[in-house]
Amino acid sequence: MEISTEIGSFRPYGANREILRLLKDSGFTAYDFSMFRGTLKDRLIDSENYRYDAKALREYADSIGLRCNQAHAPFPTARKGNESYNESAFPEIARAIEVSGILGAKVCVVHPCNDYTAEENASLYRRFELYARRAGVKIGVENMWNWDDKAGHACAAACSSPDSYLAHLALLDEEVFTACLDIGHAEMAGLGTSAPEMIAALGRRLGAMPLHDNDRLHDSHTLPYMGSVVFPAIIDALKAIGYRGDVTLEADQFLRGFPLELYPSAARLMADVAKSFQSALTAPDGRDG
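Residues numbered from 1 in each chain as written. Predicted model: local features only at pLDDT ≥ 70, side-chain atom pairs only at ≥ 80, totals over all residues. Heavy atoms only, no water.

K.L.:
I tried to follow the sheet that holds strand S8 (residues 177–180) on my own but got confused; where do I start?
P.N.:
Pairing between the strands of a sheet comes from backbone hydrogen bonds, and it takes one of two forms, parallel or antiparallel. Strand order across the open sheet formed by six strands is S2-S3-S4-S5-S8-S9, with parallel pairing between neighbours. Of all strands in the sheet, those bounded by a partner on one side alone are strand S2 (30–34) and strand S9 (206–208). Put simply, the sheet's adjacent strands are angled 40° from each other on average, direction ignored. Across three bridges, strand S4 (residues 107–109) lies against strand S5 (residues 138–142) in parallel orientation. Note that in S5 the partner of Val109 across the bridge is Gly140. (Pairing = 2+ DSSP bridges. Helix = DSSP H or I, 4+ residues; strand = E, 2+ residues; numbered from the N terminus. Axes fitted to C-alpha atoms, helices over the stretch in contact; angles between N-to-C directions.)

K.L.:
Sorry if this is basic, but what is going on with the packing of aromatic side chains here?
P.N.:
Counted according to the given criterion, the structure contains eleven aromatic pairs. A centroid spacing of 5.8 Å and a plane angle of 75° characterise the contact between Phe90 and Tyr131, whose relative ring orientation is edge-to-face. Here Tyr131 lies in helix H4 (residues 118–135) and Phe90 lies in helix H3 (residues 83–103), a separation of 41 residues in the sequence. Members of the aromatic cluster, joined through ring pairs, are Phe10, Tyr13 and Tyr263. Positioned above the aromatic ring of Tyr85 is the side chain of Arg79, whose terminal nitrogen or guanidinium carbon lies 4.1 Å from the ring centre. We note Arg127 situated over the ring of Phe90; from NZ or CZ to the ring centre the distance is 4.0 Å. (Phe/Tyr/Trp six-rings, centres within 6.5 Å; stacked < 30°, edge-to-face > 60°. Lys NZ or Arg CZ within 6 Å of the ring centre and 35° of its normal.)

K.L.:
Help me understand the environment of Gly27, please; the structure alone is not making it clear to me.
P.N.:
Inspection of the secondary structure puts Gly27 in the loop between helix H1 (16–26) and S2. Along the chain, Gly27 and Ala274 lie 247 residues apart, while their C-alpha atoms are 9.5 Å from each other. Excluding its chain neighbours within four sequence positions, the residues that come into contact with Gly27 are Ile3, Ala271 and Lys275. (Contact = heavy atoms within 4.5 Å.)

Here it is, written out as structure tokens:
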């Protein structure tokens, strides 16, 4: 079981190699390679030499003993009723899946369209299936959310409930597609579910787990134990299904506001938090070891 974090929020600190070195020195054993639109400058997938650059980054990561355990493709994957955007996004996401394979990732997260039905998202995902098979990676299907301005809380979106999630997965080949349960999303008010309920429903289909905290209302993406999510119940639920995936932090708002000279200290704290989850998940009683 690797301990990992997304690297997008570390970009103020330096280029990819500097970030990977920082994560290794901080105690992480793996990293989640971010390829989002709009938030990253000089994305590797935008390079004409992206294959060469990805291979070089893989060689560097291997040389320092840090593995790419997962990656995130550009987001959003598709917008309902916007075929121009959808066609422009497709080659980026296909390239991101290829890069994920070069880096050695087990999972590349490709978000469903929030407003598609399970059948519409299955058609979308099947366009990427061959790319995933060629790359040797699984596509992670994540639980999403929409926002109800009038009610002031989240509302239903693709995979936001156990029934919706299972309906999506039932249409997809489990050799290629796996559930990527965003713990913070599952805990947002208005969705009528919880992370433990989602974990129990997904069972063996759960292959990845973006881990972060919030106030149980907003999608805060901060470090666990800095919000209101009750993590012991989540750990118990993961133990109950025999979860064997990694502990991957997606606390991308935690670093916001830290001066660069404190990034190493913050990264060490993040690694320690991830290690505590790793210890709890591997301890016989499901608590800290």
